[in-house]
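Architecture at a glance
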Amino acid sequence: MNDQQKIASKRYQPYNNKNISKIQALEGLPSSYKEEIDVVSRVLPFRTNNYVVDELIDWDNIPNDPIFQLTFPQRKMLKWRDYEMIRTQIQQGASENEIIKKAQMIQKKMNPHPAGQISMNVPEFRGKRLNGIQHKYDETVLFFPTQGQTCHAYCTYCFRWPQFVGLEELKFSSASINELILYLDSHPEVTDVLITGGDPLFMSANVLEKYIEPLIRKRPGNISTIRFGTKVPAYWPYRFLTDNDSDKLIRLFGKIVDSGFHLSIMSHFSHYRELETDPARHAIRRILSTGAVVRCQAPLIRHINDHSYIWTRMWKNQVALGAIPYYMFVERNTGPKDYFSVSLADAYMIFKNAYKRVSGLSRTVRGPSMSSTPGKILIDGVTTIGNEKVFVLKFIQGRDSSWVNKIFFAKYDEHSGWLDDLKPAFGAKQFFFEDRLAEMKAEKELFEDAS
Ligand SMILES: *Cc1c(COP(=O)(O)O)cnc(C)c1O
Ligand code: SF4
């Protein structure tokens, strides 16, 4: 069967704040929407495309449609005062430079570098910082290829937003594959390379091959798994079906598998609707036909997927297509978090209510999980011990591997949205990991001073 032949090809048409007038669907809406998009997109990145606009968004349900919320900037993503400042600047005909200056002021207030990503995750090797590589958990190295630092559309809640607005100029993305290979050779604990972005599958098959080929030829260190972190199956499934180099991309996946690697496509799906179009379904089938595995993950986001029903249906869709539910994340404490965040207490309830309605095959999913500075921390329960109501928390990844699978407790608080808001339970002064984490921070700072 030749799946891609059943899908008519589509030419990729990106939309951003320079060409919104091309989006015909916006014509029928009140002009206030265009103003909102214009104002907010000066501060936060905006990009969508003709597949998202034509096949995913329900234009009879604006502004509440979850996919509209997913890629179109919303007024309340900015604080009222910040919004008014930018709006007034535009209205008064301020120069591009003035507006950028104001926008950067606002961006810098929005915690652009959460969870120690730059200060703690970028490794040092032979006395040099390896920009473009992150190594936080023993077994897995993240690699950010330069050409993969953009996406077919931008998620409004994206925690990588600083790099799309030029605040974080390619700091993660200047890695060379040779440096990666040397690094892996001297780190035998690493089994997985996770190629990420942005979106690495935004790259052409030719460019991607230049990164992959040396890995499969040299087999550095103990690498057994190659993962791609991607939202292309959701944002541009034609990438695997009818684009000019789709066949080449699919052959490259096959080649990775044939070389004896496990290939895992870590697919970001935010809503079940992204799995219910014909192109998306065919894309997943075609990926699976190479021997790759598709694992699915997404953050839990207010206005987009904050109902258990959405997750139940999404996980069922994934399993029906042969994909594996993997992670539900808590929205990170960065960017427009006030608009999107769901409290930890609500996140736990949504997860639990969705999880109890699916069979064991969907219960490979883990969550809700916070990717925080010390590690991935699961909210594993809410209970009462003695007289104290607590969150049961569990490390599922740790910056120090001895923390993994450890259970600990925080005072229950219905408003907390992130680890930083939580207090240790039972009168403890600090969480068990804090001394060691401070030590690790200090070690990194010493290195930074020296380099
Ligand atoms: C999530 C994550 C990984 C991968 O963790 P797994 O649990 O193996 O999927 C690796 N590095 C970083 C920095 C991460 O946040
Ligand atoms: S696909 Fe990923 S990197 Fe790209 S905008 Fe969405 S969350 Fe960010």
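Residues numbered from 1 in each chain as written. Chains lettered and ligands numbered in written order. Predicted model: local features only at pLDDT ≥ 70, side-chain atom pairs only at ≥ 80, totals over all residues. Heavy atoms only, no water.

1. Some remarks on the packing of helix H1 (residues 31–40) against helix H4 (residues 80–91)
At their nearest, the axes of H1 and H4 sit 9 Å apart, and the two run at 100° to each other. Here H4 runs roughly perpendicular to H1, going by the angle between their axes. The segment H1 lies against H4, with Glu 35, Glu 36, Asp 38, Val 39 and Val 40 engaging Tyr 83, Ile 86, Arg 87 and Ile 90. (Axes fitted to C-alpha atoms, helices over the stretch in contact; angles between N-to-C directions. Helix = DSSP H or I, 4+ residues; strand = E, 2+ residues; numbered from the N terminus. Parallel < 35°, antiparallel > 145°, perpendicular 65-115°, else oblique. Contact = heavy atoms within 4.5 Å.)

2. As for the site of ligand 2
Around ligand 2, the neighbouring residues are Cys 151, Tyr 154, Cys 155, Cys 158, Phe 164, Gly 198, Lys 231 and His 268. The residue inventory of the shell around ligand 2, partitioned by class, reads 5 nonpolar, 2 polar and 1 charged. (Near = heavy atom within 4 Å. Nonpolar A, V, L, I, M, F, W, Y, C, P; charged D, E, K, R; others polar.)

3. So, helix H11 (residues 246–258)
Between its first and last C-alpha atoms H11 spans 18 Å; for 13 residues at 1.5 Å apiece the expected length is 18 Å, and the two agree. Those residues of H11 that sit buried are Ser 246, Leu 249, Ile 250, Leu 252, Phe 253, Gly 254 and Ile 256. Buried residues along H11 sit in contact with helix H9 (205–218), strand S8 (225–230), strand S9 (262–268) and helix H12 (278–288). Taken from the residues just after H11, Gly 260 is the one with a positive phi, measuring 95°. (Expected span 1.5 Å × (residues − 1). Buried < 20%, exposed > 50% of the residue type's maximum accessible area, 1.4 Å probe, protein only.)

4. Topic: the environment of Thr 88
The residue Thr 88 is located in helix H4 in this model. For the pair Thr 88 and Lys 108, spaced 20 residues apart in sequence, the C-alpha to C-alpha distance is 20 Å.

5. Here's the deal with the pairing of strand S13 (residues 375–385)
As paired strands, strand S12 (residues 366–371) and S13 are joined by 3 bridges and run antiparallel to one another. Looking across to S13, one finds that Ser 369 is bridged to Leu 378. With antiparallel pairing between neighbouring strands as the criterion, S12 and S13 make up a hairpin whose turn holds 3 residues. Relative to strand S14 (residues 388–398), S13 runs antiparallel, the two sharing 10 bridges. The residue bridging Thr 384 from the neighbouring strand is Lys 389, located in S14. (Pairing = 2+ DSSP bridges.)

6. A word on the nonpolar core
Ranked by size, the top nonpolar core spans 108 residues in total, and within it Phe 72, Ile 226, Phe 228 and Phe 253 carry the most contacts. Discounting residues that sit within four places of it in the chain, Phe 253 has contacts with Leu 201, Phe 228, Phe 240, Leu 263, Ile 265, Ile 287 and Thr 290. Ranked by size, the runner-up nonpolar core spans 21 residues in total, among them Val 330, Leu 344, Ala 345 and Met 440. (Core = buried A, V, L, I, M, F, W, Y, C linked by side-chain atoms within 4.5 Å.)

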